[in-house]
Amino acid sequence: MEKEFKRPTFHKVSDTLWEISKDFKKGMLVPTRIYAAEKLLKEMDPQVFDQVSNMATLPGIEKYAFVMPDGHAGYGSPIGGVAAFDINRGGVISPGVTGYDINCGMRLVLTDMTVKDVRPKIKELTDTLFKKVPAGVGSKSDLNLSKKDFKDLSEEGAKWAIRKGYGWKDDISSTELEGKAEYADFSKISDMVISRGIKQIGTLGSGNHYLEIQYVNKGDIKDERLAKKWGIFPGQVVIMFHTGSRGAGHQIASDYIKKFLDVMDNKYGIKISDRELACAPFNSKDGQDYYKAMGCGINISFANRQLILYRVREAFSEVFKKDAEKLGLRQLFDIAHNRASLEKHDVDGETKELLVHRKGSTGSYPPGRKEIPKNYRNDGSPVIIGGSMETGSYLMVGGPNASETFDSTAHGSGRTMSRTKARGLTNGEELFKKMLKNGIYVKSVSWSGLAEESGESYKNLEEVVDTVDKAGLSKRVCRLTPLSNVKG
Amino acid sequence: MGYRFIENLSIADVAFEAHGENLNELFVSSAEALENTMVRNIEKVKPETTREFGVSSNKLDLLLVEFLQKLISYKDTDQLIFSKFTVNVKEIKNDWRVRCRAEGEHLDPNKHDLVVDVKAATMHMLKVQKKDEEWTARVVLDV
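Computed from a predicted structure; not experimentally measured. (Residues numbered from 1 in each chain as written. Chains lettered and ligands numbered in written order. Predicted model: local features only at pLDDT ≥ 70, side-chain atom pairs only at ≥ 80, totals over all residues.)

Asks: Honestly, the overall build of chain A in this entry has me stumped. Any pointers?
Replies: When you go through chain A residue by residue, the secondary structure sums to 16 helices and 19 strands. What you see for chain A is a C-alpha radius of gyration of 21 Å, in line with the 23 Å of a compact globule of 488 residues. Along the first, second and third principal axes, the C-alpha atoms of chain A reach 60 × 50 × 50 Å. Looking at chain A residue by residue over its 488 residues, the buried ones come to 64%. Taking the intrachain contacts of chain A between residues at least 6 apart in sequence as the baseline, contacts between residues at least 24 apart amount to 77%. (Helix = DSSP H or I, 4+ residues; strand = E, 2+ residues; numbered from the N terminus. Rg over C-alpha atoms; globule rule 2.2 N^0.38 Å. Buried ≥ 20, exposed ≤ 12 C-beta atoms within 10 Å, placed from the backbone. Contact = placed C-beta atoms within 7 Å.)

Asks: Help me understand the overall build of chain B in this model?
Replies: Scanning chain B from N- to C-terminus turns up two helices and 10 strands. A compact globule built from 143 residues would reach a C-alpha radius of gyration of about 15 Å, and chain B, at 14 Å, matches this within 12%. Looking at the 143 residues of chain B, the share that counts as buried comes to 52%. Across chain B, every contact between residues at least 6 apart in sequence was considered, and the portion connecting residues at least 24 apart equals 65%.

Asks: For this particular structure, what's the right way to read the pairing of strand β12 (residues 338-347) of chain A?
Replies: A regular strand places its side chains so that they alternate between the two faces of the sheet. Residues and elements named next belong to chain A. Two elements, β12 and strand β13 (residues 350-359), share 10 bridges in a ladder whose sense is antiparallel. Each bridged residue has a counterpart across the sheet, and for Val347 the counterpart in β13 is Glu350. As consecutive antiparallel partners, β12 and β13 are separated by two residues, and within that stretch Asp348 has a phi angle of approximately 50 degrees, a positive value. (Pairing = 2+ DSSP bridges.)

Asks: What is the right way to read the interface of chain A and chain B from this model?
Replies: In many reports, interface size means the accessible area that the parts give up when they come together. Taken together, the contact between chain A and chain B spans 40 residues of the former and 34 residues of the latter. Per-class residue counts for the side of chain A that touches chain B are nine nonpolar, 19 polar and 12 charged. (Nonpolar A, V, L, I, M, F, W, Y, C, P; charged D, E, K, R; others polar.)

Asks: In this structure, what is going on with unusual backbone geometry? I would like to understand it.
Replies: Trans peptide bonds make up the majority, and among non-glycine residues the majority have a negative phi. A positive phi is found at A:Lys63, a non-glycine position, where the angle reads about 65 degrees. With respect to the secondary-structure elements, A:Lys63 resides in the loop between α2 (46-55) and β4 (65-72).

Asks: It is not clear to me how the sheet that holds strand β1 (residues 11-14) of chain A should be interpreted in this structure. Could you clarify?
Replies: Strands belonging to one sheet form pairs held by backbone hydrogen bonds; the direction of such a pair is parallel or antiparallel. Residue and element names in this part refer to chain A. Pairing is mixed in the open sheet, where seven strands are placed in the order β1-β2-β3-β4-β5-β13-β12. Each having just a single partner strand, β1 and β12 make up the two edges of the open sheet. The average undirected angle you get between the axes of adjacent strands in this sheet is 25 degrees. Across the sheet, helix α16 (residues 461-471) is in contact with β2 (17-20), β3 (32-35) and β4; its angle to β4 comes to roughly 145 degrees. (Axes fitted to C-alpha atoms, helices over the stretch in contact; angles between N-to-C directions.)

Asks: Is there a simple way to explain the packing of helix α11 (residues 246-268) of chain A against helix α12 (residues 285-320) of chain A in this structure?
Replies: Helices that pack against each other are described as a pair by the angle of their axes relative to one another and the distance between those axes. Residues and elements named next belong to chain A. It is the contact of α11 with α12, at a shortest axis distance of 9 Å, that shows an interaxial angle of 170 degrees. In terms of orientation, α11 lies roughly antiparallel with respect to α12. Here Arg246, Ala248, Gly249, Ile252, Tyr256, Lys259, Phe260 and Val263 of α11 come into contact with α12, specifically with Asp286, Tyr290, Ala293, Met294, Cys296, Gly297, Ile300, Ser301 and Asn304. (Parallel < 35°, antiparallel > 145°, perpendicular 65-115°, else oblique.)

Asks: What exactly am I supposed to notice about the nonpolar core here?
Replies: Nonpolar side chains in soluble globular proteins tend to end up buried together. With 205 residues, the main nonpolar core has A:Phe85, A:Val238, A:Ile252, A:Cys279 and B:Phe27 as its most contacted residues. The element contributing the most residues to this core is α12(A), with 16 residues. Aside from chain neighbours lying at most four places away, what touches A:Ile252 is A:Ile102, A:Ile189, A:Val193, A:Ala293, A:Met294, A:Cys296 and A:Gly297. (Core = buried A, V, L, I, M, F, W, Y, C linked by C-beta atoms within 7 Å.)

Encoded structure:
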């Protein structure tokens with residue numbers, strides 16, 4: 001019953017880049033390109049190549065359909081997939097290529113504290129974070145939002161949260177889009193989106209979503225100039241979290257996939273090989289409706305991460321008995337790895353307006369790009385790469401060759417093992433003890449959920465980061481080592 | 001009647017294959033697979049609270065997805081997990097309809113063995129078919 005996927009012939013472009021030609025699959029409009037060291041390419045699930053080739057059949061696609069080195073099979077298009085569509089040439093917008101969890105992303109927060117200050121209190125701190133940030137299956141927001149609040153939040157994003165007192169003004173200037181997708185329109189989302197979202201705002205979720213206390217090991221700073229400029233120093237404790245728009249974003253994607261399936265062929269003459277690739281021309285009523293609804297998803301997610309940051313500051317303040325300001329809990333950056341973004345790029349000497357879909361791929365903008373918030377524009381955009389809870393994460397910066405991928409890079413380690421298999425191989429309680437022995441304290445809602453996220457379930461982060469660094473898509477700034485982890 | 005989880009079909013997510021002698025049984029098996037993805041040992045979930053709903057679709061496989069999506073939404077809106085299902089699937093003039101009575105209780109981390117939050121039922125590799133007098137469904141859940 002399980003489908004076998006054909007492994008294509010790869011043409012080697014460089015040590016980190018491989019190409020599949022247009023004749024691999026009927027209907028491909030462009031070739032596909034996979035960024036991976038040879039080992040990662042060999043280990044990649046063949047379904048990834050099938051899915052990225054399907055992406056290459058979508059109308060208006062420019063240059064190539066891409067896979068990042070952390071790529072693994074998704075639904076419709078792969079996680080780690082990038083595709084840019086020329087909106088003035090019938091280019092499409094597709095919820096499945098954007099990712100169900102709209103604006104799933106990462107936030108990195110610095111402190112003035114060192115690992116020596118924090119380690120003695122790590123259990124108390126992590127347990128306090130666990131209490132303050134709702135996580136896990138069915139976790140519920142501790143805010144009682146009205147529908148009007150949810151409308152404002154959906155249209156204003158993190159700015160709504162700041163306006164309501166849940167954060168600092170500087171949080172906005174260190175968030176992509178300054179925390180708000182301007183084009184969001186609340187009238188484009190369904191009642192089901194509202195009823196799912198209103199109860200989940202400010203919650204972490206579960207699966208691969210987490211909140212981690214990390215530190216900068218001496219010797220793990222690779223770009224000393226930039227690290228210093230961005231306020232990073234050896235021994236420093238930082239906070240990283242990974243979450244998105246929760247059930248609301250998923251409902252927006254499901255609603256519009258269903259809608260597009262009804263109109264795609266008969267109204268726009270678009271035929272697709274996988275229903276999860278449902279799409280509509282960007283410059284159409286249906287395409288614009290999804291774009292505006294996606295904007296709400298982006299804002300819900302920015303507000304969600306902003307509210308979590310508020311709780312993180314409360315927790316630190318409570319445990320260390322000092323104001324968060326005095327502890328130096330300032331946000332370094334917040335960036336999405338699931339969204340479609342309207343950007344101008346040079347394609348063969350011509351400036352084009354492209355809708356760049358990044359699903360499990362981070363925007364990695366080189367210096368000067370207008371997508372980068374002003375305080376980072378001269379350096380390149382900070383890129384946050386989340387690893388597994390056992391291995392660590394990376395802070396990178398937009399690289400010199402990022403324009404090859406329409407300014408896109410990897411987003412994490414990428415899974416290599418199914419959740420069921422991981423649960424069969426690993427016992428949650430034993431994993432907890434092993435990690436504690438290795439200096440990482442975990443507070444999780446569920447032993448089973450913990451077992452599913454073991455380090456063995458993911459690709460080697462160093463190999464992923466090495467590939468994008470060598471390819472020049474993004475460059476290492478520093479590695480971040482986990483001290484503790486809150487999991488849903 | 002029953003289900004099994006499929007490994008390595010969609011490694012980041014959860015895939016299952018459900019069976020039933022008829023469509024009603026198939027939908028019940030699929031609902032049980034969904035709830036058991038979120039909470040282990042759903043037989044321990046007491047039938048204390050009831051929700052009744054109906055969904056429709058012009059395609060049978062999409063009806064199953066819509067049905068599972070509705071159950072997922074109760075987890076987000078009312079924090080409900082279900083263990084008992086009474087289901088009636090019908091085809092009326094090329095339109096598929098399902099009515100369901102789902103019984104369960106409010107999620108409680110101290111009481112239930114929570115596993116992972118399901119955010120959507122997808123159409124990825126979705127299949128509903130009848131073979132040798134048995135209905136089979138394959139579904140990938142986004143977690």
